[in-house]
Every structure is written in C-alpha cells, then in structure tokens.
Amino acid sequence: MKKLLKDVLKKVYVLKIIGKNPFKFIEGISMSSKIVKDNMIFVAIKGKKKDGHKFIIDAIQKGANTIICEKSSFSFIPIHKHITYVFVSDSMEALGVISSNFYDHPTKKIKLIGITGTNGKTSVATILHQLFSKMGEKNILISTMGIKILSIKYPTTHTTPNIIEINKYLDISIQKGCKYAFMEVSSHGIHQKRIAGLLFQGGVFTNITHDHLDYHKSFDHYLSTKRLFFENLSKKAFALINSDDENSHQIIKKTLAKTYFYGIKKNSNFKIEILKENMNGNQLLIDGHQILTYLIGRFNIYNLLASYATAILLGKKKENILKKIKYVKPIKGRCEQFLSNSGIHIIVDYAHNPDGLKSILNTLKIIKKNNEKLICVIGCGGNRDIKKRSLMGKIVYETCDISIFTSDNPREEDINKIFNDMKNFKSYLNKKSILTFVRREEAIQTAIQIAKKKDIILIAGKGHETFQEIKGIRYSFNDMKIAKNLLKTYNK
Ligand SMILES: CC(=O)N[C@H]1[C@@H](OP(=O)(O)OP(=O)(O)OC[C@H]2O[C@@H](n3ccc(=O)[nH]c3=O)[C@H](O)[C@@H]2O)O[C@H](CO)[C@@H](O)[C@@H]1O[C@H](C)C(=O)N[C@@H](C)C(=O)N[C@H](CCC(=O)O)C(=O)O
Ligand SMILES: Nc1ncnc2c1ncn2[C@@H]1O[C@H](COP(=O)(O)OP(=O)(O)OP(=O)(O)O)[C@@H](O)[C@H]1O
Ligand SMILES: N[C@H](CCC[C@H](N)C(=O)O)C(=O)O
Ligand SMILES: [Mg+2]
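Treat the numbers as computed from the prediction; the structure is a model and nothing was measured.

S.K.: It is not clear to me how the overall build of the chain should be interpreted in this structure. Could you clarify?
M.R.: Along its length, the chain carries 16 helices and 26 strands. Its C-alpha atoms give the chain principal-axis dimensions of about 75 × 55 × 40 Å. Split into buried and exposed, the 492 residues of the chain put 56% on the buried side. Summed over all atoms, the accessible surface of the chain reaches about 22500 Å², with 51% contributed by carbon and sulfur. Here the chain holds 81 positive side-chain charges and 42 negative ones, and the gap between their average locations is 4 Å.

S.K.: Could you clarify how one ought to interpret the sheet that holds strand 5 (residues 40–43) in this entry?
M.R.: The pairing of strands in a sheet happens through backbone hydrogen bonds and is either parallel or antiparallel. With respect to topology, five strands assemble into an open sheet ordered 2-7-6-5-4, the strand pairing being mixed. One side of each edge strand has no neighbouring strand; the edge strands of this open sheet are strand 2 (14–18) and strand 4 (28–30). Across the sheet, the mean angle from the axis of one strand to that of its neighbour is 20 degrees, orientation sign disregarded. Pairing analysis gives four bridges linking strand 2 to strand 7 (residues 84–88), with the strands arranged antiparallel. Looking across to strand 7, one finds that Ile 18 is bridged to Tyr 85.

S.K.: Help me understand the packing of helix 15 (residues 440–450) against helix 16 (residues 479–489) in this model?
M.R.: The relative placement of two packed helices is expressed as an angle between their axes plus a distance between the axes. Interhelical geometry of helix 15 versus helix 16 gives an angle of 45 degrees and a closest axis separation of 10 Å. If you check the angle between helix 15 and helix 16, you find them oblique. Helix 15 and helix 16 meet at a crossing whose hand is right-handed. Two secondary-structure elements touch here, helix 15 through Arg 440, Glu 441, Ile 444, Gln 445 and Ile 448 and helix 16 through Asp 479, Ile 482, Ala 483, Leu 486 and Leu 487. Residues of the contact of helix 15 with helix 16, tallied by class, amount to six nonpolar, one polar and three charged.

S.K.: Whenever I open this one, the pairing of strand 21 (residues 374–378) confuses me. Can you help?
M.R.: A regular strand carries its side chains on alternate faces of the sheet. For strand 21, the buried fraction is high: five of the five residues fall into the buried class. Burial along strand 21 is two-sided: the residues Leu 374, Cys 376 and Ile 378 and Ile 375 and Val 377 are all buried. Examined bridge by bridge, strand 21 and strand 24 (residues 456–460) share four bridges and lie parallel to one another. Within strand 24, the position partnered with Leu 374 by the bridge is Ile 456. Bridge count for strand 21 against strand 22 (residues 402–406) is four bridges, and the pairing is parallel. Bridge pairing in strand 22 links Ile 375 to Ile 402. Taken together, strand 21, helix 13 (residues 387–399) and strand 22 constitute a β-α-β crossover, and its handedness is right-handed.

S.K.: Could you clarify how one ought to interpret the site of ligand 1 in this entry?
M.R.: Taken together, 23 residues form the shell around ligand 1, and within it Ser 33, Lys 48, Lys 50, Thr 159 and Ser 186 come nearest. One nitrogen or oxygen atom from the main chain of Lys 49 is found 2.9 Å from an oxygen atom belonging to ligand 1. In the complex, the protein chains occlude 75% of the 1100 Å² of accessible area that ligand 1 would expose alone. For the shell around ligand 1, the class distribution of residues is five nonpolar, 11 polar and seven charged.

S.K.: How should the site of ligand 2 be read in this particular structure?
M.R.: Taken together, the neighbourhood of ligand 2 is formed by 20 residues, with Lys 121, Thr 122, Ser 123, Arg 334 and Asp 349 sitting nearest. Between ligand 2 and Thr 122, the relevant distance is 2.7 Å, taken from an oxygen atom to a side-chain nitrogen or oxygen of the residue. Taking Thr 144, its side chain carries an N or O atom lying 2.9 Å from an oxygen atom of ligand 2. Protein chains bury 95% of the 630 Å² of accessible surface belonging to ligand 2 in isolation. Going through the elements one at a time, helix 4 (121–134), helix 10 (298–313) and helix 12 (354–367) are the ones with two or more residues in the shell around ligand 2.

S.K.: I keep staring at the domain arrangement of the chain and nothing clicks. Help me out?
M.R.: It is common to give the size of an interface as the accessible area lost on bringing the parts into contact. With domains assigned, the chain is organised as domain 1 (3–102), domain 2 (106–325) and domain 3 (336–489). Here domain 1 and domain 3 have C-alpha centroids that lie 46 Å from each other.

S.K.: What is the right way to read the pattern of salt bridges from this model?
M.R.: Pairing is possible between side chains of opposite charge, provided their charged atoms come close. Under the defined criterion, the tally for this structure stands at 21 salt bridges. Between Arg 389 and Asp 421 there is a salt bridge whose closest N-O contact spans 2.9 Å. One end of the pair, Arg 389, is in helix 13; the other, Asp 421, is in helix 14 (residues 415–422), and 32 residues separate them in sequence. Both residues of the pair, Arg 389 and Asp 421, count as buried. Between Glu 442 and Arg 439 there is a salt bridge; the shortest N-O distance is 3.7 Å. The partly exposed category is assigned to Arg 439, whose relative accessible area is 48%. When salt bridges that share partners are traced, they join Arg 389, Glu 413, Lys 417 and Asp 421 into one network.

S.K.: I'm lost on the pairing of strand 16 (residues 270–278) in this one. Help?
M.R.: Note: strand 15 (residues 258–263) against strand 16, two bridges, orientation parallel. If you follow Gly 263 over to strand 16, its bridge partner there is Lys 271. Note: strand 16 against strand 17 (residues 281–286), six bridges, orientation antiparallel. Paired with Ile 274 across the strands is Leu 284, a residue of strand 17. Hairpin remark: strand 16 followed by strand 17, antiparallel, with two residues in the connecting loop.

S.K.: What is the right way to read the coordination of the magnesium ion (ligand 4) from this model?
M.R.: The expected angle between donors at a tetrahedral four-coordinate metal is 109.5 degrees. At an octahedral six-coordinate metal it is 90 or 180 degrees. Only Thr 122 (OG1), Thr 144 (OG1) and Glu 184 (OE) from the protein coordinate the magnesium ion (ligand 4), and they sit 2.1 to 2.2 Å from it. Coordination of the magnesium ion (ligand 4) draws on donor residues from a single chain, spaced T-x21-T-x39-E in sequence. A residue pair is termed long-range when its members are at least 10 positions apart, and Thr 122 in helix 4 and Glu 184 in strand 12 (residues 180–184) qualify at 62 residues. The class for Thr 122 is buried, based on a relative accessible area of 5%.

Reading the values: rules and limits
Residues numbered from 1 in each chain as written. Chains lettered and ligands numbered in written order. Predicted model: local features only at pLDDT ≥ 70, side-chain atom pairs only at ≥ 80, totals over all residues. Heavy atoms only, no water. Helix = DSSP H or I, 4+ residues; strand = E, 2+ residues; numbered from the N terminus. Buried < 20%, exposed > 50% of the residue type's maximum accessible area, 1.4 Å probe, protein only. Areas by Shrake-Rupley, 256 points an atom, 1.4 Å probe, with all protein chains shown as cover. Lys, Arg positive; Asp, Glu negative; His and termini not counted. Charge placed at Lys NZ, Arg CZ, Asp CG, Glu CD. Pairing = 2+ DSSP bridges. Axes fitted to C-alpha atoms, helices over the stretch in contact; angles between N-to-C directions. Parallel < 35°, antiparallel > 145°, perpendicular 65-115°, else oblique. Left-handed = near helix turned anticlockwise from the far one by under 90°. Contact = heavy atoms within 4.5 Å. Nonpolar A, V, L, I, M, F, W, Y, C, P; charged D, E, K, R; others polar. Right-handed = clockwise from strand over helix to strand, strands pointing away. Near = heavy atom within 4 Å. Polar contact = N/O pair within 3.5 Å; in protein donor to acceptor, adjacent residues only side chain to side chain. Domains from an automatic or database assignment. Salt bridge = Lys/Arg side-chain N within 4 Å of Asp/Glu carboxyl O. Donors = N, O, S within 2.8 Å, 3.2 Å for Na, K, Ca; no water.

So, in structure tokens, the structure goes:
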C-alpha cells in the first residue's frame with residue numbers, strides 16, 4: 001500500500017513541520033523502530049519503560065522517511081536532510097488519525113463494536129462472531145485469542161492490538177466483504193490510546209471487579225479508564241450495560257451514546273430468565289422464547305444476553321437471532337470440559353482474577369454433589385496485580401475440597417514469592433492444608449492421582465494458552481492436553 005504523505009497527515013493536529021515534502025510517498029507506519037522498513041513513517045511514543053524518541057536514528061537507518069514526534073522531546077531528535085519531522089502534542093492521538101487515513105478510514109465502512117469489562121470480553125466477542133457468521137454476516141473478531149477474519153486466523157500479542165494493526169486488519173476484513181467487527185477493548189488499550197480515532201457503532205460493558213491494580217494503582221483509576229471508553233462514544237452509538245454490575249451507572253456517567261441495559265436481577269431493557277442450569281447446557285427464556293444453549297455457567301448467560309442484545313441493537317431480527325444463537329459453541333479454555341473414561345470431570349477455565357474464579361466455582365457447585373470432591377489447580381501470573389493473589393488463594397481454599405497451588409506464567413518473578421502472596425489470607429477454616437508444586441504439570445498430575453470417579457478437577461488461570469512464560473522464555477504448555485495425557489498414563 002502506498003499513500004501521499006499529505007493525505008496521511010490530513011486532520012492531524014500539527015504543531016510544526018521540518019523538511020516538509022507533501023508529495024512524498026508513505027508505504028507503511030510503525031511505532032517500533034525494530035520493524036521499520038523503507039519509506040515508512042516512524043511514530044515515536046513515550047512508553048513506561050522506554051522513550052521511542054530515542055530510537056529515531058535507528059528508525060531512519062532502517063528506512064523511515066517521516067518521523068512523528070512530540071515537540072516536548074525536541075532535544076532528543078537529530079535532524080537529517082530528506083526526512084520530514086512532524087511535531088505533535090500527542091503522538092498516540094496523531095497515530096490514531098494517521099493510521100485511519102493510511103487505511104482509508106475502515107471504521108467508516110464497518111460496524112465496529114467494542115466490548116470492555118474485567119471478565120467476559122473474549123466470550124462476548126466470540127459469541128457475536130459465531131452468531132453473526134451463523135446469520136450469514138461476514139465479520140472480524142479481534143480478541144485475546146487472536147484475530148479471525150471469516151475463518152482465517154492471524155496471531156496477535158495483545159488483547160487489544162495497537163491502532164496500526166487494528167486499522168490494518170479492519171481494512172483487510174473490509175476487502176473480504178466484512179460488515180461487522182467485534183473487538184475486545186482492554187483497559188490497557190484504552191489508557192494507552194490503542195483505540196484512538198476509531199468510530200464505534202456500539203460499546204458493551206460486561207462487568208468491573210478487582211484486577212490490573214499493578215497497572216492502574218487504584219480501582220478508581222481502573223473504573224475511570226473503562227468509563228473513558230463510553231465517554232468517547234458518539235451520540236449515534238449505543239452503550240449496552242450490564243445492569244446487575246454495581247458500577248453500571250458510574251460507567252455511563254458522561255456518555256453521549258444511547259444507553260441500554262441488560263441483566264438478570266435488575267430491571268433492564270434486555271432480560272433473560274433461567275429455566276434450567278446444568279453441565280450439559282442452560283435452558284433459557286429470552287424475550288419470551290425458550291432456547292437451549294451449549295454454553296454453561298451463569299456467567300455465560302450474561303455473555304449470551306449481551307450478545308443477543310447487541311445483535312438486536314445492530315438491527316438483526318429477533319426470530320433470526322433466536323434461531324441461530326442456540327448453536328453457538330462453547331469457547332476454547334472457557335469452562336472447557338472433558339469427562340475421563342473413569343468418570344473424572346476435568347474443567348479448564350481462564351479465570352485469572354477473583355471474580356472470574358467465583359463465577360466458575362459457582363458454576364461447578366451446580367454439578368457437585370455432597371460426596372464428590374472439588375479439586376482446584378491454580379496459580380497467579382507474575383509481574384501482574386499482586387493484591388489479587390491472596391483473594392484468589394482464599395476463594396479456592398474456602399470453596400474447594402483440595403487446593404493445589406502452582407505456577408501460572410511467573411514471568412520474571414520468584415514463584416515462591418507468588419505462593420506466599422497467594423497464601424497470605426486469614427480464613428475461618430484452618431484444618432485444611434494447601435498443596436504446592438512449582439511445576440504445573442506435577443500439580444495437575446497430583447490432582448489426577450487424588451481424584452476418584454465423579455470428582456471435579458478445575459484447572460484455572462490459563463484456559464486456551466499454549467505456553468508457560470518463565471523468565472522471558474515461553475515453554476510449550478496446554479492445560480487440557482497435559483490433563484488428557486496424564487489421565488491416559490494413569491489409566492483413569
Ligand atoms: C504495561 C503495558 O501494557 N505495556 C505496553 C506498553 O509498553 P511500554 O509503555 O513499556 O513501552 P516501551 O517498551 O517503554 O516502548 C515505548 C515505545 O518505544 C518503542 N521502541 C522500543 C524499543 C525499541 O528498540 N524501539 C522502539 O521503537 C516501542 O515500540 C514503543 O512504541 O506499550 C507496548 C507497545 O505498545 C506494549 O507492547 C506493552 O505491552 C506489554 C508487553 C504487556 O504485557 N501488556 C499487557 C499487560 C496488556 O496490554 N494487556 C492487555 C490485556 C489486559 C486485560 O486482561 O484486560 C492487552 O490489551 O493485551
Ligand atoms: N460475564 C462474566 N462474568 C464473570 N466472569 C466471567 C464472565 N465471562 C467469563 N467469565 C470468567 O472469566 C474468564 C475469562 O473470560 P473471558 O476470556 O471471556 O474474559 P476476558 O474479559 O476476555 O479476559 P481478558 O481480560 O484476559 O481478556 C472465564 O474463563 C470465566 O471464568
Ligand atoms: N489478560 C490477562 C491474562 C492473564 C492470564 C494469566 N494466565 C496470567 O498470565 O496472569 C492479563 O494480562 O492480566
Ligand atoms: Mg479476553
């Protein structure tokens with residue numbers, strides 16, 4: 001793709017330009033000097049760890065012909081002939097405008113829905129992707145598990161990719177005939193302006209509970225970051241809010257968007273009634289119509305209702321949605337089940353914060369009878385929220401019959417420090433012991449050795465992940481695969 005610089009800079013709030021050459025061609029945009037190629041724009045961003053302005057020389061050596069940078073960082077910048085320097089007050093905001101210009105404004109051509117909240121973003125986005133595909137509507141999914149355009153998958157590194165990637169993939173999807181885009185909007189993504197300049201048709205709020213306080217420092221900051229997404233929606237957009245969440249009104253305090261509520265407990269625009277809940281599926285009453293869904297767990301009832309309501313707000317016919325929504329399949333690593341030959345129930349779930357754990361454990365209580373044991377294998381990620389660890393440890397300890405603490409993705413942290421944090425809680429129960437194994441495979445193995453027929457083993461925290469990240473290296477690891485192999489080994 002090739003564009004004139006003057007077109008790429010349209011509507012960018014420019015403070016000053018050096019080396020102006022509007023007829024220069026641009027062949028790409030990058031915010032990382034590491035991947036700059038000939039005739040690209042390099043956008044210097046001040047990060048948490050590094051300052052992109054320090055990599056301007058590197059970017060020029062790799063072929064960048066234009067530099068976007070912040071005036072305040074002028075002292076860092078070496079001036080080269082033939083290079084155009086564009087000074088802006090906010091590089092990230094400028095990057096939003098530039099990438100939208102470069103890819104011909106994808107969000108003016110596709111209906112983009114952003115899904116935000118502590119838990120349920122991947123689930124709702126994926127349900128919408130499946131539902132719309134089943135209704136014959138081509139769409140793109142942008143989620144933790146990667147990007148999917150029709151049935152082609154593209155790997156990503158972040159739940160909400162950077163704004164260049166978002167525009168690039170939206171453009172590809174438009175070329176392939178997609179009319180809808182369902183995208184997860186993480187709080188990191190909002191705060192780091194990875195969604196700058198995107199026009200959203202709607203925003204969906206799932207819930208907000210304790211997580212990411214390593215990054216946000218306080219719950220208030222986390223909440224106000226999520227609120228910012230709704231504040232920036234236009235008055236033509238819709239905001240679809242979980243009315244049962246205690247912060248539902250906070251989230252939409254200053255939104256211009258037309259607000260709708262969905263929920264089970266409180267009065268809402270979109271309601272659902274639970275007729276039967278079990279491990280084979282849920283029987284539900286949506287808008288007076290009975291449906292049976294393969295998705296299990298109360299949390300998935302919220303996810304399903306949010307998806308139904310989104311489809312209605314996007315103008316889809318109720319009868320058509322209801323006809324197709326029952327065929328939505330369970331989502332990888334979200335309450336993924338396996339029943340072994342000897343009758344041991346394995347559940348792999350991505351619960352990685354206190355509320356996620358409560359949700360999945362409440363679901364498992366539905367199938368647990370008195371004599372069956374609930375065994376949980378759990379770890380907490382390293383270099384992430386420390387305060388959530390003891391809350392997660394306590395929930396598991398007080399709910400499960402056997403608690404096995406192990407590693408998740410320790411990243412750069414000492415695993416024994418993580419174990420200490422997980423065990424740092426007071427409990428009314430003091431008889432039970434907690435087993436700890438550094439090696440996650442050993443923890444799963446122990447759970448399988450202990451388990452008897454009909455016992456339930458919950459392996460939590462890593463869901464679909466196919467690796468374990470330890471000291472910068474990603475080792476291949478998949479909870480469900482390991483569990484199935486071990487069940488075979490022990491003939492269980
Ligand atoms: C805490 C966090 O989110 N950090 C993100 C942030 O990093 P940073 O501010 O430290 O960036 P930096 O390393 O200082 O670099 C600053 C700039 O210099 C540039 N640079 C740097 C080095 C170089 O040689 N050349 C160069 O040009 C970088 O490309 C960047 O533009 O900006 C980087 C570039 O966009 C991100 O990759 C990085 O994500 C890190 C790796 C990360 O793990 N993020 C996670 C926590 C995250 O974002 N998670 C959310 C999901 C959370 C949820 O569950 O809801 C997500 O959306 O994925
Ligand atoms: N609506 C919900 N309410 C509460 N818990 C939920 C909900 N949906 C899913 N969960 C729990 O949270 C876990 C993660 O779900 P999901 O991947 O959909 O969330 P997410 O918001 O995309 O997470 P991430 O922040 O990692 O992207 C699930 O495995 C389940 O345990
Ligand atoms: N999106 C979540 C994923 C956490 C998954 C868990 N396995 C971990 O590594 O902590 C986060 O960035 O906090
Ligand atoms: Mg996700």
